[in-house]
Amino acid sequence: MGTIAKSGMLSDPDSVMRVENIVDLRSDTVTRPTDPMRRAMAEAEVGDDVYGEDPTVNRLEKRAAEIFGKEAALFVPTGCMGNLIAIKILTHHGNEVICDERSHVNLYELASMSAIAGCMPRIARGEEGILSWKMIEAVIRPKIYYDSQTALICLENTHNMWGGTVYPTASVDEICGYAHDAGLKVHMDGARIFNAATALGESVARMTKHLDSVMFCLSKGLGAPVGSMIVGSAAFTEKARIYRKMFGGGMRQAGVLAAAGFLALEESPKRLHIDHANAQVLAKGIAAIRGLKVDPAKVRSNIVIFDCEGTGKNAVELCDLLREKDIWALDTATYSVRFVTHCDVDRAGCERALSVLAEVVAQTQTARG
Ligand SMILES: Cc1ncc(COP(=O)(O)O)c(C=O)c1O
C-alpha cells in the first residue's frame, strides 16, 4: 500500500487550479479543516498543556470522556501514538498482543508494539477483519512459564484494510467478558469508530462499554486537521499522560488543534451517513464495471476496496491511469484498490470518479482486444 503513482502535482504551476478538480479518494486523512474549524483555531484560548493548563484541550478531553461514558480522555498527536500508549500501559515487555492479521497495529505502525512496548503481535485471522472470541481463544498462550504470555487483545473498528467492516457490539461485549475472565485486557483501535457507530446506529458509549481503552481519530472521517484521543479509566489516562510525554507527544499550546478537534467531535458524526451513502454509490457503480469486483452488501461504512485483476492491470497501474485524470485512489495490494469517502468529496465527485474509472477500464479492455 501507499504507492503514490505520480508526485509532480504540487510542483506543477497549474497545481492550484488542478487541485480543485481532483477527487482525492485515497483516504479520509486528506480532509482539510472547514472554515468554522479554522476560525475556532484562530480564536482558541490556549495554555501550556504539559502543565495541564490549556483550557481548550481540557474541554475537548472532558467532552470526549463524556461521549464515551469513560472516566477520562487524553488528546494525542496521532492514532499511532494513541495505540502505542495503550499497548504500553496494558502490557509488559515480553507479552503478546492478539490482533487481526491485517490490522493497523500489526501492519502500519512500524512494529512499535515490538520496538517500543517490547511485545509480539500474535496474529488471529478475523472474518473480514472481525475477530470472534473463538478465534482469539485459539491463539491465547498457555500459562506455562517458558511461553510468552498473552496480555492484550486489539480490535480494529471499523477495519481499514478489510474495507471498513464493523464489529457487532454483542461480539465486542462477549470478547471483553471472556478476556477479562482470563485476565486479559482489550483495546480498541477505533480510528473510525464514529463510522462504525453510524453503520450500527448505536452510541460509541454503548459500543465501547466494556473495553479497557479506546483510541479514536479526530483527523480521519471527522475532518479535523490533527489529533486523536484515547479514552479509558482515570488511572489509565494518568499513565497515558506520562507515556505521551515519554514518546515525545507532550504538546504545549495544543488548544489551536483541540479547537478544531472539538468541532469535529461535536459536529462531524452527524454527517457520516453521507459518506456511507457515497461509498454505496461507488460500490454499486464499481460492481457494474466489467473486470472489477466488489460486493456492495459488504461495504458498511466509508471504505470501498475492489479487485481489479480482471482488467489486466494491477492496482498501481490502475491508480496511475486514474491519477492522470485527477481521480486519486490507493493501491492496497497487488490487485486491490481503495476508495475512501469523506467530507471533502461530494456525490458529484464520486460520480465523476466512477465515470473516469469506467472509461479507464474500458480503454484497458480495448487495448487488450
Ligand atoms: C485503523 C487505523 N488505526 C490507526 C491509524 C493511525 O492513525 P495516525 O495516522 O493518526 O497515526 C490509522 C491511520 O490511517 C488507521 O487507519
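Look up: the structure comes first, before these words.
For the structure given in this document, a descriptive report is provided here. (Residues numbered from 1 in each chain as written. Predicted model: local features only at pLDDT ≥ 70, side-chain atom pairs only at ≥ 80, totals over all residues. Heavy atoms only, no water.)

Moving on, we come to the overall build of the chain. Each helix and strand counted, the chain has 15 helices and 12 strands in total. Computed over its C-alpha atoms, the radius of gyration of the chain comes to 21 Å, within 12% of the 21 Å expected for a compact globule of 369 residues. The C-alpha extent of the chain, read off along each of the three principal axes, is 65 × 55 × 35 Å. With 369 residues in all, the chain has 54% of them scored as buried. (Helix = DSSP H or I, 4+ residues; strand = E, 2+ residues; numbered from the N terminus. Rg over C-alpha atoms; globule rule 2.2 N^0.38 Å. Buried < 20%, exposed > 50% of the residue type's maximum accessible area, 1.4 Å probe, protein only.)

What follows covers the site of the ligand. The local shell around the ligand holds 13 residues, among which G79, C80, D189, R192 and K220 are the closest. Taking D189, its side chain carries an N or O atom lying 2.7 Å from a nitrogen atom of the ligand. Contacts to the ligand include K220, whose side-chain N or O atom sits 2.9 Å from an oxygen atom. Relative to its unbound accessible area of 390 Å², the ligand is 83% covered by the protein chains. By residue number, the principal contributor to the shell around the ligand is helix 4 (residues 79–90), which donates 3 residues. Residues that form the shell around the ligand fall into these classes: 3 nonpolar, 5 polar and 5 charged. (Near = heavy atom within 4 Å. Polar contact = N/O pair within 3.5 Å; in protein donor to acceptor, adjacent residues only side chain to side chain. Areas by Shrake-Rupley, 256 points an atom, 1.4 Å probe, with all protein chains shown as cover. Nonpolar A, V, L, I, M, F, W, Y, C, P; charged D, E, K, R; others polar.)

A few words on the pattern of salt bridges. Counted according to the given criterion, the structure contains 17 salt bridges. Across the pair D49 and R244 runs a salt bridge, and its minimum N-O distance is 3.4 Å. Of this pair, D49 sits in the loop between helix 2 (35–43) and helix 3 (55–68) while R244 sits in helix 11 (residues 234–246); the two residues are 195 residues apart in sequence, bridging distant segments of the chain. Each of the two residues, D49 as well as R244, counts as buried. (Salt bridge = Lys/Arg side-chain N within 4 Å of Asp/Glu carboxyl O.)

Attention now goes to the sheet that holds strand 9 (residues 303–307). Read from one edge to the other, the open sheet built from 3 strands follows the order 9-12-11, with strand pairing classed as antiparallel. Two strands in the sheet have a free side with no partner beyond their single neighbour: strand 9 and strand 11 (330–333). For this sheet, the mean inter-axis angle between neighbouring strands, taken without regard to orientation, is 35 degrees. Where strand 11 and strand 12 (residues 336–340) come together, 3 bridges link them in antiparallel fashion. Along strand 12, the bridge assignment pairs A333 with S336. (Pairing = 2+ DSSP bridges. Axes fitted to C-alpha atoms, helices over the stretch in contact; angles between N-to-C directions.)

Strand order across the open sheet formed by 7 strands is 2-8-7-6-5-3-4, with mixed pairing between neighbours. Every other strand in the sheet has two partners, leaving strand 2 (72–76) and strand 4 (120–124) as the edge strands with one partner each. Each adjacent strand pair in this sheet contributes to an overall mean axis angle of 25 degrees, direction not counted. Examined bridge by bridge, strand 2 and strand 8 (residues 228–232) share 5 bridges and lie antiparallel to one another. Each residue of the ladder has a partner; that of L74, found in strand 8, is I230.

So, on to the packing of helix 3 against helix 12 (residues 255–267). Relative orientation of the contacting elements helix 3 and helix 12 amounts to 30 degrees, with a least axis distance of 8 Å. Here helix 12 runs roughly parallel to helix 3, going by the angle between their axes. Note that helix 3 runs across helix 12; the crossing there is left-handed. Contacts between helix 3 and helix 12 involve T56, V57, R59, L60, R63, A64 and I67 from the first element and G255, A258, A259, G261, F262, L265 and E266 from the second. Split into classes, the residues belonging to the contact of helix 3 with helix 12 amount to 8 nonpolar, 3 polar and 3 charged. (Parallel < 35°, antiparallel > 145°, perpendicular 65-115°, else oblique. Left-handed = near helix turned anticlockwise from the far one by under 90°. Contact = heavy atoms within 4.5 Å.)

The subject of this paragraph is helix 4. Over its 12 residues, helix 4 runs 17 Å from end to end, which matches the ideal 16 Å to within 8%, given 1.5 Å per residue. Counting buried positions along helix 4 yields 11 of 12 residues, so the element is predominantly enclosed. For helix 4, every residue scored as buried is listed here: G79, M81, G82, N83, L84, I85, A86, I87, K88, I89 and L90. (Expected span 1.5 Å × (residues − 1).)

Such coordinate-based values are descriptive only and should not be taken to indicate function.
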